[in-house]
Amino acid sequence: MVASAKTPIPPHTPRPMPPTRDPIMMIASMTASSSSILTIVDPPVRLVVGGAPACCYRVALERYPDYSERLRFVCQFRLQENKCRPSGRGVDVGQLDELIKSTAAATGLDPDDVRAFTAVAERREYPPGAILFHESTPREWVGIVVEGEVKISTGLTGHETELARLGPGSMVSEIALVDDAPHTATGHAPKGATVLTVPTATLRALADTHPDRYYRMVSRVAQLVAHRMRSVSEQLSAAIAAQQQLGGIRTEHDSLGTRELPAEAYYGVQTLRATENFQISGIKLRKFGHLVHALAYVKKAAALANLELGSITQEKADAIVRACDEIMEGKLREDFVVDMVQGGAGTSTNMNANEVIANRGLELLGHQKGEYQYLHPNDDVNCSQSTNDVYPTSVKLGVYLSLQDAIAALEELRNALKAKAVEFNDVIKMGRTQLQDAVPMTLGQEFGAYAVMIGEAVAHLRRISQDLLAMNMGATAIGTGITSPPGYAELVTAKLAEVTGLPICQAENLVEATQDSGDFVAVSATLKRAAVQLSKICNDLRLLSSGPRAGLGEINLPAMQPGSSIMPGKVNPVIPEVVSQVCFQLIGYDMTVTMAAEASQLELNMAEPVMAYDLMMGTMMLRNAAITLTSRCITGITANREHCRDLVNHSIGLVTALVPKLGYEQSAAIAKKALKTGESVYDLVLQDSSLTKDELDELLSPEKMTAPRSRLL
């Protein structure tokens, strides 16, 4: 490999790398946050290098010559595969000055410290909807928002709570300076964002080179964290005090009679009955934020369509729309209280939404909760609708949104596997079929195959998710559109597409779409396929890392926790284990969805609630499993290179390469003798004088056995 510098590299005395850090991954992270340009000619790739680690690449070659090939691949992957498109500093002088001022003002950091931070920062451009980091994953960098907005929220298990929105000048993930603990929230860019980031390893190098600056920053960040904790504590105290001041009851009635409800509750009498009737799973509707948002989207679209068709007044439509907007902002979530598993084909869920929207709308109109003569849950919020079109439409939309989260997490997993495929490209190991030695391959080929599997799962999930966008809104009870005005079905579908920004279309036949759950079956089957592929990978990871002394021991998984209460020193592969269990659950969910879809009778399927539960829970678990596997396992895997090579050299699988030259029978005899005597295939062939040493070296070169070649020598 040849390297040439576009800018001169100054003389440098190598400093020892911290023994607890992987030098290659540390160097690769350094090369992503600097200013000079270094070109590696073989293969062509431009690295950005500057600041304290300006000549870290050359130093790496001097101190770690055995790592040179691996470094080349790691650096190449980091630049080619990073979806945030690193581009050096990339901020003009005027914008940078304003950014430094705003950051210093917002955080209280010294402007000179902020300027030093930006000098070694990497510019990352996140497209709309991109995830910056996931809750529970390791903190890898500290950043400053340049453009756009970063939303910080918590709730991997479905009930998302927004904590903050960070605009230009705000610091992101700054706690990484003072705490090694994983992220306690998720950061994403709803409308896109540009962030200057510096890896935590680079920042902590300041502790040696500029300790005063480093500890000033740490001290100030600690003060900011303490201030935020006080602020949150005050908000919580105020909220608790407000709840304690609430009290009293109100009375509502339905066709079965009159009931009392808490005066502060936004849900109504029909929701109350549902909470009493369906104490089944303990999982409430509010658990799944995407489903709650989907209900609000549907009700908003219906209100806009009804307004345009003259079915409700402007005043009522405005109140409904405003209430729906609040729900989509994360408000009123606690009042979606019905159990996900329920009888009635989803009527309880629909009425829960109707009542919450109606009661909030009443407040916006200046009335009291329960004064339905001014805004009615059925007559107004549910106008031109039925549970039989609202519920399946909402479930389809909720599952679609949840699938996008799962797909994004799987894409991150695929990229991590591709990175390992590149890193392990030169690790020769023994391939196995039916758990028996087969022929040589590279560990990179093995991980590359895993990346393709996950890529296939992503492609299939993305494709099948499009089928969920054909909706039956306007079908009302059985697909005939009874109680809705002419043109409503087409209009409400168009409004739903407008408010969601998705290419939603009307189902080809509303009668069919109201009774057939085939789309849910197809999505569930595709989730099962992804689960099977993911579990296969986890099985392999456990096998390849088995040992550490009496197993295959070809790779090392990151040690996450002690593995036994009785066996000291034992460490188990807990991350692949938990991911496999998630996959088993998804496979079980698929059977439930299949049986529930089959249960459809005549014009309606009464079992859609259990399908909704399994699909929402399944996609959430798949997303979280992918995040966990990526951050707590794949990225930390290392290879036992010498052990892998030793297994190849002592395997009789090498004999397969002799078949084109010696034929199957003679090759089989050599394999049998090697197995019986313990001698190597190589030595036995030389003893037999069947081939010259040069011919044998050519045939039995493990590196040349990892790809097709001519049968003729």
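Worth saying up front: this structure is predicted, and the values here are computed from it rather than measured. (Residues numbered from 1 in each chain as written. Predicted model: local features only at pLDDT ≥ 70, side-chain atom pairs only at ≥ 80, totals over all residues. Heavy atoms only, no water.)

A. Structural context of the side chain of Glu-174. When you line up the elements, Glu-174 lands in the loop between strand E9 (171-172) and strand E10 (186-189). Residues in contact with Glu-174, not counting those within four places in the same chain, are Val-142, Val-221 and Arg-228. (Helix = DSSP H or I, 4+ residues; strand = E, 2+ residues; numbered from the N terminus. Contact = heavy atoms within 4.5 Å.)

B. Structural view of helix H11 (residues 314-328). Taking 1.5 Å of rise per residue, the 15 residues of H11 would be expected to cover 21 Å, and the 21 Å separating its terminal C-alpha atoms lies within 8% of that figure. Along H11, the residues classified as buried are Ala-317, Ala-319, Ile-320, Val-321, Ala-323, Cys-324, Glu-326, Ile-327 and Met-328. Residues of H11 that are buried in the fold lie against helix H10 (289-308), helix H12 (347-364) and helix H13 (377-381). Positioned one or two residues after H11, Gly-330 has a phi angle of 100°, which is positive. (Expected span 1.5 Å × (residues − 1). Buried < 20%, exposed > 50% of the residue type's maximum accessible area, 1.4 Å probe, protein only.)

C. How the structure looks around a nonpolar patch on the surface. On the surface, a nonpolar cluster with roughly 260 Å² of combined accessible area is contributed by Val-532, Phe-584 and Ile-587. Structurally, Phe-584 is set in helix H19 (residues 574-598). (Patch = residues over 30% accessible without salt bridge, like charges linked within 9 Å, V, L, I, M, F, W, Y side chains within 5 Å. Areas by Shrake-Rupley, 256 points an atom, 1.4 Å probe, with all protein chains shown as cover. Salt bridge = Lys/Arg side-chain N within 4 Å of Asp/Glu carboxyl O.)

D. Fine view of the sheet that holds strand E6 (residues 141-148). Strand order in the open sheet formed by 4 strands is E4-E11-E6-E9, and the pairing between neighbours is antiparallel. Looking at the sheet topology across the chains shown, the edges are occupied by strand E4 (122-126) and E9. Judged from the 2 bridges that link them, E6 and E9 form a sheet pairing that is antiparallel. Within E9, the residue paired with Ile-144 across the bridge is Met-171. In the packing of helix H5 (residues 111-119) onto the sheet, the strands contacted are E6 and strand E11 (193-199), and the crossing angle to E6 comes to about 90°. (Pairing = 2+ DSSP bridges. Axes fitted to C-alpha atoms, helices over the stretch in contact; angles between N-to-C directions.)

E. The arrangement of the environment of Met-441 in detail. Looking at the secondary structure, you find Met-441 in strand E15 (residues 436-442). Taking the C-alpha atoms as reference points, Met-441 and Val-427, 14 residues apart in sequence, are found 8.4 Å from one another. In this structure, Met-441 is in contact with Val-427, Ile-428, Lys-429, Gly-431, Glu-446 and Thr-706, ignoring residues within four places of it in sequence.

F. Inspection of the nonpolar core at higher detail. One finds Phe-447, Leu-541 and Leu-629 to be the most contacted residues of the largest nonpolar core, which totals 125 residues. With residues near it in sequence (within four places) discarded, Leu-541 still touches Phe-447, Ile-555, Leu-557, Pro-576, Leu-629, Cys-633, Ile-634 and Ile-637. Counting 22 residues, the second largest nonpolar core, distinct from the first, contains Leu-96, Val-142, Leu-177 and Leu-206. (Core = buried A, V, L, I, M, F, W, Y, C linked by side-chain atoms within 4.5 Å.)

G. Region of interest: the side chain of Ser-173. Tracing the backbone through its elements, the reader meets Ser-173 in the loop between E9 and E10. At 3.1 Å, the side chain of Ser-173 and the backbone oxygen of Trp-141 are in polar contact. (Polar contact = N/O pair within 3.5 Å; in protein donor to acceptor, adjacent residues only side chain to side chain.)

H. Representation of the pairing of strand E12 (residues 249-254) in the model. Only one face of E12 is buried: it carries Arg-250, Glu-252 and Asp-254, and the other face, with Ile-249, Thr-251 and His-253, is open. For E12 and strand E13 (residues 257-262), the ladder comprises 6 bridges, and the chain directions are antiparallel. Opposite Glu-252, over in E13, you have Arg-259 as the bridge partner. With antiparallel pairing between neighbouring strands as the criterion, E12 and E13 make up a hairpin whose turn holds 2 residues.

In short, geometric facts, not functional conclusions.
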